[in-house]
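# Descriptive analysis of the structure
This is what each chain is made of:
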Amino acid sequence: MEIVESFESTNPREIEDFRLKYLGKKGLVAGFFKSISQISPQARKPIGQLINKLKKEVFQKVKRLETQSKFDSSEPKVDDVSRPGFPISSGNRHPIAIVKNRMIEIFSTIGFGLSEGPEIEDDWHNFSALNFPKHHPARDMQDTFYLQQPCGHLLRTHTSTVQVRHMETHKPPIRIISPGRVFRSETITARSHCLFHQIEGLYIDKKVSFADLKQTIHYFCEALFKNSKMRLRPSYFPFTEPSAEVDIYWGLETQADYRITKGTGWLEIMGCGMVDPNVLENCGIDSNEYSGYAFGLGIERIAMLLFQIEDIRLFYENDIRFLSQFKATL
Ligand code: DAH
């Protein structure tokens, strides 16, 4: 026969009150044990057994009620609505995607649309249409991955291929950027990899000048690096004339600045120039009527600068301890 009262509930607070009433420090069971010394020694044993029975029954009952209350949802739960919610862990973007998306965002605010092209290309789109002479060293087997099938095809070595494809299929005005993967037969080191990402930009219209190019690059540097100190150095690319390389002023504040700028404070970030009239003609655009500029930059290089990453190989290892550090707050 049970000796404990016939209490039933699925309300956690009521169950806890019930438990405390009997088993709490100042509860009934503790009280009974305390007063046991006041009764005659002969009666102590049966009374003690009775108190222990009561203690055990209450304990078992509380356990049963607690288990029932967990499963019974009909009873309204006493919930603390101010308690923080359960954290939902969502993934985050790859640092290359963060930088790429930011660049797309910056150029889209000044009217550049997106255009993409295939990673497997032919000689025409990767080299010939871009004014590379037949024996240019970049065509070398050592730099370019040539495919056996289909014969004459290759993995694009730069995103300038998309310029050609876009001009072949669109009439000016053209204002596009083209992000994508490119491939070069390079030894893999902390600074170079055989697969990396570029963004290409192209603007073709009537009377586009070098000043327009400079202003666009200036705007881009200001937006991405919060730094508008830049310079253009004369350079050479087969597909632009004149051609230039863009440096931004990084500064010489820390030892790392000395290392990455080789003690100059300046960092090269992209190539650019006025599209060579030969390229326009190769793509069916009248070079007497139209002119334009193009630019191209490596995304890894920029991501390494912005996130202070010293080894390019980290981007491709997919180590979650590395990838989870980057937040899209550029
Ligand atoms: N295609 C060049 C490269 O892979 C980058 C480049 C330089 C693109 C100058 C351009 C340009 O459009 O005008 O290194």
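Here, the structure is the one placed above.
## Side note on helix α4 (residues 95–108)
- With 14 residues, α4 extends 20 Å between its outermost C-alpha atoms, agreeing within 8% with the 20 Å of an ideal straight helix rising 1.5 Å per residue.
- Buried within α4 we find P95, I96, I98, V99, R102, M103, I104, I106 and F107.

## Thoughts on the environment of L267
- In this structure, L267 sits in strand β8 (residues 266–275).
- The spacing of L267 and G27 is 240 residues in sequence and 76 Å in space, taken between C-alpha atoms.
- Apart from the residues lying within four places of it in its own chain, the contact partners of L267 are V246, D247, I248, W250, I260, T261, R301 and L305.

## Regarding the sheet that holds strand β1 (residues 113–114)
- Strand order across the open sheet formed by seven strands is β1-β4-β5-β9-β8-β7-β6, with mixed pairing between neighbours. This sheet does not close on itself; its edge strands, each paired only once, are β1 and β6 (230–237).
- Direction of pairing for β8 relative to strand β9 (residues 291–298): antiparallel, over a ladder of four bridges. Directly across from C272, in β9, lies its bridge partner F295.

## Side note on the packing of aromatic side chains
- As enumerated under the stated definition, the model contains 17 aromatic pairs in all.
- Aromatic pair F18 and Y22: ring centres 5.2 Å apart, planes at 55°, arrangement tilted. Of the two residues, F18 and Y22 both sit in helix α1 (residues 12–23), four residues apart, roughly one turn of that helix.
- Given a relative accessible area of 4%, F18 falls into the buried group.
- Owing to a relative accessible area of 7%, Y22 belongs among the buried residues under this scheme.

## Focus: the packing of α4 against helix α10 (residues 299–307)
- One can describe the packing of α4 onto α10 by two numbers: an axis separation of 9 Å at closest approach and a directional angle of 100°. Our classification of the angle between α4 and α10 gives roughly perpendicular. Where α4 approaches α10, its residues P95, I96, I98, V99, K100 and M103 are matched on the opposing element by I299, E300, I302, A303, L306 and F307.
- Among the residues making up the contact of α4 with α10, the classes are represented as 10 nonpolar, no polar and two charged.

## A look at the pattern of salt bridges
- Enumeration according to the criterion identifies 15 salt bridges in this entry.
- When the shortest N-O distance is used, the salt bridge between K206 and E289 registers 3.3 Å. Of this pair, K206 sits in the loop between β5 (195–205) and α7 (210–225) while E289 sits in the loop between α9 (277–282) and β9; the two residues are 83 residues apart in sequence, bridging distant segments of the chain.
- With a relative accessible area of 46%, K206 lands in the partly exposed category.
- On the basis of relative accessible area, E289 is assigned to the partly exposed category, the value being 37%.
- A single network of salt bridges, built from pairs that share partners, joins R231, R233, E245 and D247.

## Some thoughts on the packing of α4 against α7
- At a minimum axis distance of 10 Å, the contact between α4 and α7 shows a crossing angle of 130°. Classified by the interaxial angle, the pair formed by α4 and α7 is oblique. Of the two possible hands of crossing, α4 and α7 adopt the one that is right-handed. In this structure, α4 contributes R102, M103, I106 and F107 to the contact, and α7 contributes T216, Y219, F220, A223 and L224.
- Grouping the amino acids of the contact of α4 with α7 by side-chain chemistry returns seven nonpolar, one polar and one charged.

Reading guide: rules and limits
- Residues numbered from 1 in each chain as written.
- Predicted model: local features only at pLDDT ≥ 70, side-chain atom pairs only at ≥ 80, totals over all residues.
- Heavy atoms only, no water.
- Helix = DSSP H or I, 4+ residues; strand = E, 2+ residues; numbered from the N terminus.
- Expected span 1.5 Å × (residues − 1).
- Buried < 20%, exposed > 50% of the residue type's maximum accessible area, 1.4 Å probe, protein only.
- Contact = heavy atoms within 4.5 Å.
- Pairing = 2+ DSSP bridges.
- Phe/Tyr/Trp six-rings, centres within 6.5 Å; stacked < 30°, edge-to-face > 60°.
- Axes fitted to C-alpha atoms, helices over the stretch in contact; angles between N-to-C directions.
- Parallel < 35°, antiparallel > 145°, perpendicular 65-115°, else oblique.
- Nonpolar A, V, L, I, M, F, W, Y, C, P; charged D, E, K, R; others polar.
- Salt bridge = Lys/Arg side-chain N within 4 Å of Asp/Glu carboxyl O.
- Left-handed = near helix turned anticlockwise from the far one by under 90°.

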